[in-house]
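What follows is the residue order along each chain.
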Amino acid sequence: MKVPQSLRDLVEGAESLVYIEDLSGKKGLMQTINPLAKLVAITSMIVISLFISSLSYLALICLVPLILALTSRIPMEHFLSRTALIPTFAAVISLPVLFLTSGQPVFAANIGALNLTVTMEGLTRFLVFTVRVWFCVSSLTLLILSTGFDKMLKLLSSLKVPPVIVQLFSLTYRYFFVSVHEAQSVLIAKEARTYVNKKTINLQSLKDLGSILAALFIRTYERSERVYLAMKARGFEIENSNKLTMPALRIRDVFFASSLIIAFSLLALL
Amino acid sequence: MGLLTALFFAAMLLNFPLIGGTTAHLLGGASIGLILGPFAGCISVTIILVLQALLFGDGGLTTLGANVLNMGIIGVFIPCVLFFVMNKLFKPKANGTLYAMIFISAFVGDVFAAIAAGTELGLSAPTFQYGLSIAVPVMALNHSIIGVAEGIVTIVLIGTLLKLRPDVLEKSPILSKLPFFQNKTEPKEE
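Residues numbered from 1 in each chain as written. Chains lettered and ligands numbered in written order. Predicted model: local features only at pLDDT ≥ 70, side-chain atom pairs only at ≥ 80, totals over all residues.

A. Main features of the overall build of chain B. Across its full length, chain B holds eight helices and two strands. In chain B, the succession of helices and strands from N to C terminus is α-β-β-α-α-α-α-α-α-α. Each of the 190 residues in chain B was classed as buried or not, and the buried ones make up 50%. In chain B, the proportion of contacts linking residues at least 24 apart, taken out of those at least 6 apart, comes to 64%. (Helix = DSSP H or I, 4+ residues; strand = E, 2+ residues; numbered from the N terminus. Buried ≥ 20, exposed ≤ 12 C-beta atoms within 10 Å, placed from the backbone. Contact = placed C-beta atoms within 7 Å.)

In structure tokens form, the structure reads like this:
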């Protein structure tokens, strides 16, 4: 049976989230670093990378997430496949820059009446953009894979984010799986009962999508009422729900974050 | 609100086919805004965007502010304000007028969010390779197609909820202002 594309997307999304929890429990370098130090280091790395415009330096900093992933026992195949999608999309949308940037020609082709010339400047801009996107996505992926969502919530709480917002993140994350499961059931039921032309947009498919959303909305709303009442019955108070503390920063955490920030800052200044 | 945010997060993964074999997904700003209200809707979309950036690498951290402005503020507030104004002007009693109002709100919200994104991209030139003259029309045109789809889906969603669970929509800060709910609640207040 052919699995519909939308269903596949949902399953893939949920599976990738489950994988996060598995990897954050491994004993690797990044897993032993304090989440606050990791957050500061990786956010700084991403921001500083925006100021590095040399292709060779960008290629050099791309080694950092790769080395950190290796030392954190994150399977390289999974890490590379997970970080490939967004840079590929970025490469596709920046393809025209190869031909639109004026400069020294490195390749020319005539396709009918169209004369396409790739310039060195265009190629450099294209590569700088794509490599930078990969670096940012891989750094962020490394942070999430090595930390896990539960510790990220604790980190938010320790950073004085309002408890309501932390609770909303927590509920959204937890019930995302339930929503995905319900959406799957509805989509499979619909696929089993109807024929849909998936090649082009049509009014019926949009009406179906609206109806599915409405059905899911009603189910979710009714569940939310049950969950809320159950939580209240067990003494839930939003103010007391996120009294979570993070372990104190150690010297190695400070060293990890500061060494990365200094190294990246020096590269940006060169 | 957390559970509904999770639902809309999952709903954003549902693709529908577009022209030329490409697919698109809902922005959801109009649906979330009209049902939860603009302020709760804005928080809801922001949480979805943060989770998308952290869990899928989609959107990213450095562009989070721009994404929140485009989809969380413009994409939610414009449909809500438009719907609110049209409701005051037309006071819909028939479904046709109500559905037209929902469609216009969702469509304009999508297109304005896209125009805002196009403007930000255009202003990023020369770092971004296309200037305002290219980025804005391309984004507006592309998202006007998605806007039509979003409008139809939002009509069906809210229309179905009005038929099956009007009590849910009665709690909405925007939809509760509809004459249907106002006329129903007035006698109770007296």
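B. Representation of unusual backbone geometry in the model. Positive phi outside glycine occurs at Arg73 of chain A, with the angle close to 60 degrees. By secondary structure assignment, the location of Arg73 of chain A is in the loop between α5 (63-71) and α6 (76-82). Notably, Lys91 of chain B is not glycine yet its phi reads approximately 40 degrees, a positive angle. Examined against the element boundaries, Lys91 of chain B turns out to sit in the loop between α4 (64-90) and α5 (95-123). Residue classification places Lys91 of chain B among the exposed residues on the basis of 12 C-beta atoms within 10 Å.

C. Representation of the pairing of strand β2 (residues 114-119) of chain A. In the sheet, strand β1 (residues 105-111) of chain A pairs with β2 of chain A via six bridges, with the strands oriented antiparallel. Paired with Phe107 of chain A across the two strands is Val118 of chain A, which belongs to β2 of chain A. (Pairing = 2+ DSSP bridges.)

D. Region of the structure containing the nonpolar core. In this structure, Leu213 of chain A together with Leu7 of chain B are the most contacted members of the largest nonpolar core, which totals 114 residues. Top element by residues in this core is helix α9 (residues 120-147) of chain A. It accounts for 14 residues. In contact with Leu213 of chain A, not counting residues within four places along its chain, are Ala11, Val153 and Leu157 of chain B. (Core = buried A, V, L, I, M, F, W, Y, C linked by C-beta atoms within 7 Å.)

E. Region of interest: the packing of α5 of chain B against helix α6 (residues 132-164) of chain B. Residues and elements named next belong to chain B. Taken N-terminus to C-terminus, the directions of α5 and α6 make an angle of 155 degrees; their axes are 7 Å apart at the nearest point. Considering their axes alone, α5 and α6 lie roughly antiparallel with respect to each other. The handedness of the crossing between α5 and α6 comes out as right-handed. The residue inventory of the contact of α5 with α6, partitioned by class, reads 21 nonpolar, ten polar and two charged. (Axes fitted to C-alpha atoms, helices over the stretch in contact; angles between N-to-C directions. Parallel < 35°, antiparallel > 145°, perpendicular 65-115°, else oblique. Left-handed = near helix turned anticlockwise from the far one by under 90°. Nonpolar A, V, L, I, M, F, W, Y, C, P; charged D, E, K, R; others polar.)

These values are about where atoms sit, not about what they do.
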